[in-house]
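# Remarks on the overall topology
Residue-level listing of the chains:
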Amino acid sequence: MSGLRDTMEKHFERLGAWLYDNPIKVLLTTCLLVGFFVFQIPSISIDTSSEALLKKEDPSLLEYNRFRDQFGRAELIVIAIQSPEIFSTAFLSNLQTFHQDLEAEIPYLREVTSLINARRTRGEKDSLIVKDLLEDLPRNAIDMARLKMEVLSNPFYLNYLISEDAQITAIIVETEAAVTDDTFSTEDVLDAFDETISETAMPAEKPHYFSEKENRAVVAAINRVVNRHSRDEFPITVSGGPVVVDAFNRATMSDIRRCILLSLVSVALFLGLLFRRASGVFLPMIIINAALFSTIGLMSLTGVPIKITTTVIPAFLLSVGVCDSVHVLAIFYRLLDRGKSKRDAIAHALGHSGIPIVMTSLTTTAGVLSFLFADLRAIAEIGIFAAAGVVLAFFYTIVLLPPLLALTRITVKRDMSNRKGTMDRFLEAIAVISTSHQKKILLIGGLVFLVFFPAVFLLKFSHNIVSYFPDGSSYKQNLNFIDTRLKGSITLEIVLDTHRENGLHTVEILNRIEEFGRQAETLHQDGIAVGKVFSITDILKEIHQALNENDSAYYSIPRERRVVAQEFLLFENSGSDDLERIVDNQFSQTRITIKTPWVDAVVCKKFIDKIQQRLSDQFQDSASVHATGLMALLARAISAAIYSMAKSYLVAFVAITILMVVLIGNWKLGLVSMIPNFLPILTTMGIMGLFHIPLDINSLMIGSIAIGIVVDDTVHFIYNFQKYYKRTSNPYEAVRETLLGTGRALLITSLVLCTGFFILMFASLNHLINFGFFTGITILIALAADFFLMPAIMMLMSSSDAIHPSDHRI
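Rules used throughout
Residues numbered from 1 in each chain as written. Predicted model: local features only at pLDDT ≥ 70, side-chain atom pairs only at ≥ 80, totals over all residues. Heavy atoms only, no water. Helix = DSSP H or I, 4+ residues; strand = E, 2+ residues; numbered from the N terminus. Contact = heavy atoms within 4.5 Å. Areas by Shrake-Rupley, 256 points an atom, 1.4 Å probe, with all protein chains shown as cover. Lys, Arg positive; Asp, Glu negative; His and termini not counted. Charge placed at Lys NZ, Arg CZ, Asp CG, Glu CD. Buried < 20%, exposed > 50% of the residue type's maximum accessible area, 1.4 Å probe, protein only. Pairing = 2+ DSSP bridges. Patch = residues over 30% accessible without salt bridge, like charges linked within 9 Å, V, L, I, M, F, W, Y side chains within 5 Å. Salt bridge = Lys/Arg side-chain N within 4 Å of Asp/Glu carboxyl O. Axes fitted to C-alpha atoms, helices over the stretch in contact; angles between N-to-C directions. Core = buried A, V, L, I, M, F, W, Y, C linked by side-chain atoms within 4.5 Å. Phe/Tyr/Trp six-rings, centres within 6.5 Å; stacked < 30°, edge-to-face > 60°. Lys NZ or Arg CZ within 6 Å of the ring centre and 35° of its normal. Expected span 1.5 Å × (residues − 1). pLDDT = per-residue confidence, 0-100. Left-handed = near helix turned anticlockwise from the far one by under 90°. Polar contact = N/O pair within 3.5 Å; in protein donor to acceptor, adjacent residues only side chain to side chain.

Helix and strand counts for the chain stand at 26 helices and 14 strands. In terms of overall dimensions, the chain has C-alpha extents of about 105 × 60 × 50 Å along its principal axes. For the chain, contacts bridging at least 24 residues in sequence account for 81% of all contacts bridging at least 6. When the accessible surface of the chain is split by element, carbon and sulfur atoms take 58% of a total near 33,800 Å². Averaging the positions of the 72 positive and the 83 negative side-chain charges in the chain gives two centres separated by 13 Å.

Structure, rendered in structure tokens:
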């Protein structure tokens, strides 16, 4: 193994010398590669929607797509206007103008619904009349009082278009489920039938599902109209899933920009502290920026948007990518100051550090590649692009450093190797403590395990993007206002399929739907209180009442199938298209919409399971039921994330352990070396459990990301320990030389790493703050484990003959 190691080191030395001798050629080629990736960045997009989390073949997403194809989009934007004088001519006139402006200016619009155009079903003699509620505004106080009575007595309007206290009215904005980049209005399409289409006309663009791009345009248009109309006597509150997601997207992009800038500043400060040379700052910065921008460009090139999970990639790469450069430059500057030429110094530095940084790149890559086994697409993409970033950082370090050093003027400093500085005394003190108190250190490590291992079982899971906003956020306040006053802003969609034509004409099935609606509206579970249930029976009861002289006593489901069929036919012939949104054209499928306040996805999962169980019990063999919509997607996302992380943790630990055993060449040492890497992650998870900090979809990834990072220091420690142990046959001297030689670089790189993650605490979104803080804490604990626990383990293993001076790895 020693011979193979020496051969590989010689290859790295020759590569370093060749790159040094051909700087212009190498830099031009590399710049072309980096420039190609950077050119792709402007087209990068961001998508933090629930659909973006799931794989395209995920059953929940396929079910949701079938729902969108049949019934349209499930997510609604709710615009609430508060006033004690809703039923006044002035207010209704303002509402009408506001409604019309929304209709005129919102792109990709399916419908705007408010009191202005709410469905009003009335019977006149033998005719069924379905028209807008306010085709004409009331002309006098009597008409206004009659309107108020009609609105407040209509169960369909309550907690949908009007609050129970009549102080708030709502406008519901519904967008198209599928769009093209050049969306035509309905009138444009109808007019086209009257024109002769040229044989050379371009084929229509294939529609795609409503995406983040369209959502951004819709929310921006709504905000423009709202800003024009909102005033003291007409206060407007806007919320709903699309609005929250748009705000989250914009906050995410802002946080990424801010944290990248702060990370670059912090990395530069640490590099300046370590090397005290300008070249020691700007050369690594060139490399990590090349790796970061190439990775983002690769995401854009492959059409992968930034998602809620992949927001951590920039901080990860800025922290991890600089470590390779630090280890090479530390050796280079030391050799240069001792009198070697730049060419010999870089060749030797690359030969000395090449193998360790290959190993650390492999272990870090193995850690993030464990995400490939995730059931969530957004988590699997971290595995792809974080791994690509690590490989690119390694590649740019090897390829760019020698030619950049060749072209950079570097001042040689006087060699101070015989003079002990503060850091040398600090590291030597650690060597004395860790080698003199081995058993005490191991005992402390065991106590840490005993304290924090049980606390891991106190951890709970959570995924709620609303909770990620700061407490004072207007988006959080607006959503809470609408949830409280209008009884909900998010919907669970139930698709009920009778599997036979006109199955929904069956009175028994309709009565069961009605009974389920009544039961659901009384359901309270884990903070979820159903605000309203919409179903096909709402329309049927309106029709039946209208055809019976508008008598409210007939607000019920007809008792005969024949009557049901006739009444639905009359409604379809009335000109209203409302049935198309809740039933298919065969009357075999229908949707049941359950409106609730926005809650945590973990709670959603339990709620959906209970709803589906009730429906299954109620309909048994007469119909099948499937839950879908935004709430169902959120529930699927968190359950898949938990399962995915369990697999990812297992894969990461097994893969990295195998790599350590193979690369170290000693199975006992390889296994034992995982203790200082496993304990920090366990400790962090235990701290989160003790302080009741839930694992969200980002903090779930801490273990797999951290294990790939913290193992790097262990690799460098063991590599150098074995080298010095072979030379001296004295474990204390080996520990001392290792800490004095590579300890400075380990300390600085660990501080750079944890600071890079701590920078995320300057983000505005709580999930990024928590992820950054606890990943940084994990790295600090791992540094302490490598400085104290690892030397103690090496001392004990050498004294027990578990390792020998002749043992050496690649």
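Of all eight residues in strand S9 (residues 490–497), eight are buried, a share of seventy percent or more. Side chains of S9 alternate between two faces, with Ile490, Leu492, Ile494 and Leu496 and Thr491, Glu493, Val495 and Asp497 buried alike. Of the pairings in the sheet, the one linking S9 to strand S13 (residues 589–596) comprises eight bridges and is antiparallel in character. Bridge pairing in S13 links Thr491 to Lys595.

So, about a nonpolar patch on the surface. Residues Leu443, Leu447, Phe449, Leu450, Phe453, Phe457 and Phe678 make up a contiguous nonpolar surface patch of roughly 720 Å² in combined accessible area. Considering every element that reaches the nonpolar patch, the biggest residue donor is helix H15 (residues 438–456), with five residues. Locating Phe678 in the fold gives a position in helix H23 (residues 675–690).

Here four strands make up an open sheet; going across it, the order is S2-S5-S1-S8 and the pairing antiparallel. The strands lining the two open edges of the sheet, one partner per strand, are strand S2 (109–113) and strand S8 (236–239). Ignoring strand direction, the axes of neighbouring strands in this sheet form an average angle of 15°.

Below, the discussion takes up the side chain of Asp47. Checked against the element boundaries, Asp47 lands in the loop between helix H2 (23–38) and helix H3 (50–53). Although buried, Asp47 forms no salt bridge, and the nearest oppositely charged side chain, Arg377, lies 6.3 Å from it. Sequence-distant contacts of Asp47, that is, excluding residues within four places in its chain, are made with Ala52, Glu212, Asn249, Pro305, Ile306, Lys307 and Ile308.

A few words on unusual backbone geometry. Note on backbone geometry: most residues besides glycine have negative phi, and most peptide bonds are trans. Even without being a glycine, Arg276 presents a positive backbone phi close to 55°. The topology assignment puts Arg276 in the loop between helix H9 (241–275) and helix H10 (279–301). A relative accessible area of 60% places Arg276 in the exposed class. Here Glu549, not a glycine, exhibits a phi torsion of approximately 60°, which is positive.

Within the secondary structure layout, Glu51 lies in helix H3. On the basis of relative accessible area, Glu51 is assigned to the buried category, the value being 13%. Each C-alpha atom, one on Glu51 and one on Ser211, is 9.3 Å from the other, the two residues being 160 residues apart in sequence. For Glu51, the residues in contact, after removing those within four places along its chain, are Leu61, Tyr64, Arg68, Glu75, Arg377 and Leu633.

Turning next to the nonpolar core. Residues Phe316, Phe332, Leu492 and Ile536 are the most contacted members of the largest nonpolar core, which totals 214 residues. Ignoring anything within four residues of it in the chain, the contact list for Phe316 reads Gly321, Thr364, Val368, Ala386, Val390, Ile705, Ile709 and Phe757.

Moving on, we get to the pattern of salt bridges. What the rule picks out here adds up to 32 salt bridges. One salt bridge connects Glu737 with Arg736, and the closest N-O pair in it is separated by 3.1 Å. With a relative accessible area of 28%, Glu737 lands in the partly exposed category. Each of Arg110, Glu111, Glu174 and Arg581 takes part in one network of salt bridges that share partners.

Across the sheet, which stays open at both edges, the four strands sit in the order S12-S13-S9-S14 with antiparallel pairing between neighbours. Lying at the two open borders of the sheet, with one neighbouring strand each, are strand S12 (532–534) and strand S14 (624–628). Taking the axes of each pair of neighbouring strands and ignoring which way they run, one obtains an average angle of 20° across the sheet.

Taken together, Glu103, Asp132, Glu135 and Asp136 make up a surface patch of like negative charges. Looking at where Asp136 falls in the secondary structure, it is placed in the loop between strand S4 (127–132) and helix H6 (141–153).

Bringing the packing of aromatic side chains into the picture now. Per the counting criterion, the structure on display carries 25 aromatic pairs. A centroid spacing of 5.4 Å and a plane angle of 45° characterise the contact between Phe67 and Phe71, whose relative ring orientation is tilted. With Phe67 and Phe71 both in helix H4 (residues 59–71) and four residues apart, this pair spans about one turn of that helix. Taken individually, Phe67 and Phe71 each receive the classification buried, so the pair is uniform in this respect. By the ring-pair criterion, three or more aromatic residues cluster together here, those being Phe156, Tyr157, Tyr160 and Phe534. Sitting over the ring of Tyr209, Arg68 keeps its end group 4.0 Å from the ring centre. Stacked on the ring of Phe156, the Lys or Arg Arg119 has its end atom at 4.5 Å from the ring centre.

Another aspect to go through is the environment of Phe757. One can find Phe757 in helix H25 (residues 731–758). Phe757 sits 439 residues away from Leu318 along the chain, and the two C-alpha atoms are 9.3 Å apart. Apart from residues lying up to four places away in sequence, Phe757 is in contact with Phe316, Ser319, Ile709, Phe771, Gly772, Phe773, Thr775, Gly776 and Ile779.

In summary, the side chains of a regular strand alternate between the two faces of the sheet. Sheet topology places strand S3 (residues 119–124) next to S4; six bridges connect them, and they run antiparallel. If you follow Thr121 over to S4, its bridge partner there is Val130. The hairpin formed by S3 and S4 contains two residues between the paired strands, and Lys125 there has a positive phi angle of roughly 60°.

Turning our attention to helix H11 (residues 313–337). A turn of α-helix holds 3.6 residues, and therefore any two residues three or four places apart point the same way. Across its 25 residues, H11 extends 36 Å between first and last C-alpha, which sits within 8% of the 36 Å expected from 1.5 Å per residue. Immediately downstream of H11, the backbone of Gly339 shows phi near 110°, a positive value.

Moving on, we come to the confidence of the model for the chain. On average, residues of the chain carry a pLDDT of 86, and 94% of them reach 70 or more. Ignoring residues within four places in sequence, the model shows residues 183–203, a span with pLDDT below 50, making two contacts including any to other chains.

For the rest of this paragraph, the subject is the side chain of Ser370. As for its position among the elements, Ser370 is in the loop between helix H12 (342–369) and helix H13 (377–407). In this structure, Ser370 is in contact with Ser648, Val651, Ala652 and Ser704, ignoring residues within four places of it in sequence.

With that out of the way, let us pick up the packing of H9 against H10. How two helices sit against one another is set out by the angle between their axes and by the gap between those axes. Two elements in contact, H9 and H10, have axes whose closest approach is 9 Å; the angle formed by their N-to-C orientations is 145°. Crossing handedness for the pair H9 and H10: right-handed. Only Gly280, Val281, Pro284, Met285, Ile288, Asn289 and Leu292 of H10 make contact with H9, whose side of the interface consists of Ile260, Leu264, Val267, Ala268, Leu271, Gly272 and Phe275.

So, on to the environment of Arg216. Structurally, Arg216 is set in helix H8 (residues 212–229). Between the C-alpha atoms of Arg216 and Val243, which are 27 residues apart in sequence, the distance is 8.6 Å. There is a polar contact of 2.3 Å between the side chain of Arg216 and the side chain of Glu212.

Our next topic: H23. Across its 16 residues, H23 extends 22 Å between first and last C-alpha, which sits within 8% of the 22 Å expected from 1.5 Å per residue. Among the 16 residues in H23, 12 count as buried, and that is most of the element. The complete set of buried residues in H23 reads Pro676, Asn677, Leu679, Pro680, Ile681, Leu682, Thr683, Thr684, Met685, Gly686, Met688 and Gly689. The positive-phi residue at the C-terminal boundary of H23 is His692, with phi of around 55°.

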